[in-house]
Amino acid sequence: MNQHAPIRIGHTACPHDCPSTCALDVELIDDRTIGRVHGAKDNSYTAGVICAKVARYAERVHNPGRLLKPMVRAGAKGDGNWKEASWEAALDLIAEKFIATEERHGTEAVWPYYYAGTMGLVQRDGIHRLRHAKKYSGFFDTICTNLAWTGWMMGAGDLRGADPREMAKSDCVVIWGTNAVVTQVNVMTHAVHARKNRGARIVVIDVYDNPTMKQADMGLILKPGTDGALACAVMHVLFRDGLADRAYLEKYTDDPKGLEAHLASRTPEWASAITGLSVEEIEAFARLVGTTKRTFFRLGYGFARQRNGTVNMHAAMSIAAVTGCWQYEGGGAFHSNSGIFRMDKSELEGTRLRDPRIRHLDQSRIGPILTNDSSALNGGPPVTAMLVQNTNPANVCPEQRLVIAGMKREDLFMAVHEQFMTDTAKLADVVLPATMFLEHDDIYRGGGNQHIILGPKLIDPPEGPRTNHFVIEELAKRLGVSHMPGFGKTERDHIDTILRSRDLGTFDTFREERWADVQPPFEEAHFLTGFGHPDGKFRFRPDWTGTPAPGKPPKSIGLMGDIARLPEFPDHVDLIEVADHEHPFRLATSPARSFLNSSFTETPTGRKREGRPELLVHPADAAALGLATGDRVEIGNRRGDVVLHAKLFDGVRRGVVIAEGIWPNDAHERGEGINVLTGSDAAAPYGGVAFHDNRVWVRPVD
Ligand code: SF4
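Quantities reported herein were computed from a predicted structural model and do not represent experimental measurements.

Participant: Account for the overall build of the chain, with residues named and values stated.
Facilitator: Counting its secondary structure elements, the chain contains 25 helices and 25 strands. The C-alpha atoms of the chain give a radius of gyration of 25 Å, which matches the 27 Å a tight globule of 702 residues would have. With respect to the principal axes defined by its C-alpha atoms, the chain has extents near 70 × 60 × 60 Å. Taken over 702 residues, the chain has a buried fraction of 65%. The long-range share in the chain, meaning contacts at least 24 apart out of those at least 6 apart in sequence, stands at 76%.

Given below as structure tokens:
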């Protein structure tokens, strides 16, 4: 390479499962090699800032551990014996097994399983086209969003909110239940801008003193699953002290008087006993948001990962409706913009081919499903064949022991299309090597912002890996459905169709523009034209079972969890795993800085930075247990047990322990990961996994 030639820059979007969906500028060294990755300075949300793990993406894309050849199992499941195969032979084998399954048990015995390993629409969602064409079992997508989105929808009636760039114009930014420094760094960019330029206060609410809280002016550490109690006490103070905006309440909300009466007993003292916060902390926070018109509530997913998470989300967002901060630029609330994009994926997903009689299976309940729990199988046959793309359920799904026991069933055939030899790939019958985002075409939308961003192929993949789209198309040919609508097209054809559905041109024209900013106008984003319910009002009294919302279970599954205990108004409900004598601690499985779910655990710098799987334990609890930093410690519950290393940490409430991850299973000394401890029972009312809601015992290991 000419040392003086300017480095070529390619433009794309971050494909990972992070609300920021950063616009990226990638240094292109040659046709196969990248250098550093930067945030696009001219994208108004990314604003030139990305997280460190993606900045050093060269470590991931050029990683010597990447899968490069299709492989077929040559020994017992999971024993590591493989033989290499050609792509032709591997795809033929998968098709042969799927056809045999179908003939023996019916089409519903095949379960294509995918998730958010890439958020690119084409490479992620094309699997539905094959599912629908073949009448394979449906996929009820619950694991990440259902608890949080349902709570938001119950209040606002639409999945949008104040422009997240407005955080830079706020006087108070409340970052609630999201460790933004770790998982969506751009939130910090805009919040810190407001502090520097306007003297804004940053409040962080979480279950431990994480890197985001360390940047806060006010940090509130509460017990997991008690956010609803904090929200109620804040609203109690707002009504009590004349800080509620009664004109706004009258115009924009359903039952402010009913709410006020309900909150009369939800005092700071009441909430203090539940949350672990002091009365003074609750009063100070309430006063701050009640007297600061431009208060922006940035509500994350983390605090909703409780069995009462939907209730907590609804309660937290209700504060903004009581103060009326929605009316001001820099004020209001935001959780996700997923409702604003309205891109037509019907051809990509083969929606027309869908047969409504086919059963759905809940993604989060893969453990019970694969171990043949009849209620989880929803009245249909056992699952005996799977294609897994873009996800690592043997590591990231709850009740890991069940997931792995199911995957080890001799009568289950599993093909896994992956970038690395993940915990799931290790248990496969056939492993196919997958491309990474820089090596294929795709298009992205930002749930945590307002951009649609093109992700064109920037470099050639190594010899071997193929795209998800290729695998779906090749299987369709072998399974006799490639003549059906939506098949036989290229990635760019699908991108053209999606872009045209939004009047955004085609792949070629959009490549020049790089992205589109589809932020709704201020009045609409702030719901000043009315909330999304038919009467235009914000609902303090949610209709938990009747409101149509994204994520509502299909009829074949129905509403889930303990619906009868969902409250009439915002409240605290003990729909959580309350600690008991046998399990005196509550465990949250929070994200690590250098990993993103199970991605990035293969990169050397990230792995080194994280060290080893640890358990954060309050020093007083550690003293009572006879633990010191570095000691081996077992945490367990009726679902299983895991050994970690203790780390004394005073930034957490007593009785609460934190395990940051997600580490690969074999990073733990017994070869099982943290999700051995998490539960797969469906939370009310639409399901979802309560990853941070686990009662556990904690014991020193000799
Ligand atoms: S902050 Fe999130 S979206 Fe941005 S580069 Fe990092 S992982 Fe990707």
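Participant: An account of helix α20 (residues 468-478) is requested, with residue identities and associated values reported.
Facilitator: Judged by how many residues are buried, α20 sits mostly within the fold: 9 of 11 residues are covered. When we look at burial in α20, the residues that qualify are N468, H469, V471, I472, E473, E474, L475, A476 and R478. Looking one or two residues beyond α20, the residue adopting positive phi is G480, at roughly 80°.

Participant: Go over the site of the ligand, please, and point to the residues and values.
Facilitator: Around the ligand lies a shell formed by C14, C18, S20, T21, C22, I50, C51, V54, T183, V185 and L596. Taken together, the residues that form the shell around the ligand break down as 8 nonpolar, 3 polar and no charged.

Participant: Break down the pairing of strand β15 (residues 413-418) for me, citing the residues and quoting the values.
Facilitator: Counted residue by residue, β15 has 6 buried out of 6 residues, so it is predominantly covered. The alternating pattern of β15 places F413, A415 and H417 on one face and M414, V416 and E418 on the opposite face, and all of these are buried. Both β15 and strand β16 (residues 430-433) contribute to a ladder of 4 bridges, which runs parallel. In the strand pairing of β16, V416 is matched with V431.

Participant: Which residues make up the environment of I221, and what are the values?
Facilitator: Relative to the elements of secondary structure, I221 occurs in strand β10 (residues 218-221). Under the relative-accessibility criterion, I221 is labelled buried at 16%. Once the C-alpha coordinates of I221 and P398 are considered, the two residues, 177 residues apart in sequence, prove to be 25 Å apart. If sequence neighbours within four positions are ignored, I221 has contacts with D206, V207, Y208, D209, M213, L277, G651, V652 and R653.

Participant: Quick one: what's the story with the nonpolar core, residue by residue and with numbers?
Facilitator: Ranked by internal contacts, the top residues of the largest apolar core, which has 96 residues, are W152, W176, L230, F285 and F297. Those residues in contact with F285, other than ones at most four positions away along the chain, are V174, W176, V203, I205, M218, L220, L230, V234 and F297. Core analysis: the next-biggest nonpolar cluster, separate from the first, contains 62 residues, V110, L361, M386 and V396 among them.

Participant: How would you explain the packing of helix α9 (residues 227-240) against helix α13 (residues 279-291) if you had to name every residue and give the values?
Facilitator: For the pair α9 and α13, interaxial distance at closest approach is 9 Å and the crossing angle is 60°. Relative to α13, the element α9 lies oblique. The two elements α9 and α13 meet at a crossing, and its hand is right-handed. Between α9 and α13, the residues in contact are L230, A233, V234, V237, L238 and R240 and I282, E283, F285, A286, V289 and G290, respectively. Across the contact of α9 with α13, the residue classes tally to 9 nonpolar, 1 polar and 2 charged.

Participant: I'd like to hear about unusual backbone geometry, residue by residue, with values.
Facilitator: In this model, G661 is joined to I662 through a cis peptide bond whose omega is 20°. Secondary-structure assignment places I662 in the loop between β24 (656-658) and β25 (694-700). Residue P685 follows A684 across a cis peptide bond; omega there is -5°. Even without being a glycine, A47 presents a positive backbone phi close to 50°. Mapped onto the elements, A47 comes out in the loop between β3 (33-39) and α1 (52-55).

Each value, and the rule that gives it
Residues numbered from 1 in each chain as written. Predicted model: local features only at pLDDT ≥ 70, side-chain atom pairs only at ≥ 80, totals over all residues. Heavy atoms only, no water. Helix = DSSP H or I, 4+ residues; strand = E, 2+ residues; numbered from the N terminus. Rg over C-alpha atoms; globule rule 2.2 N^0.38 Å. Buried < 20%, exposed > 50% of the residue type's maximum accessible area, 1.4 Å probe, protein only. Contact = heavy atoms within 4.5 Å. Near = heavy atom within 4 Å. Nonpolar A, V, L, I, M, F, W, Y, C, P; charged D, E, K, R; others polar. Pairing = 2+ DSSP bridges. Core = buried A, V, L, I, M, F, W, Y, C linked by side-chain atoms within 4.5 Å. Axes fitted to C-alpha atoms, helices over the stretch in contact; angles between N-to-C directions. Parallel < 35°, antiparallel > 145°, perpendicular 65-115°, else oblique. Left-handed = near helix turned anticlockwise from the far one by under 90°.

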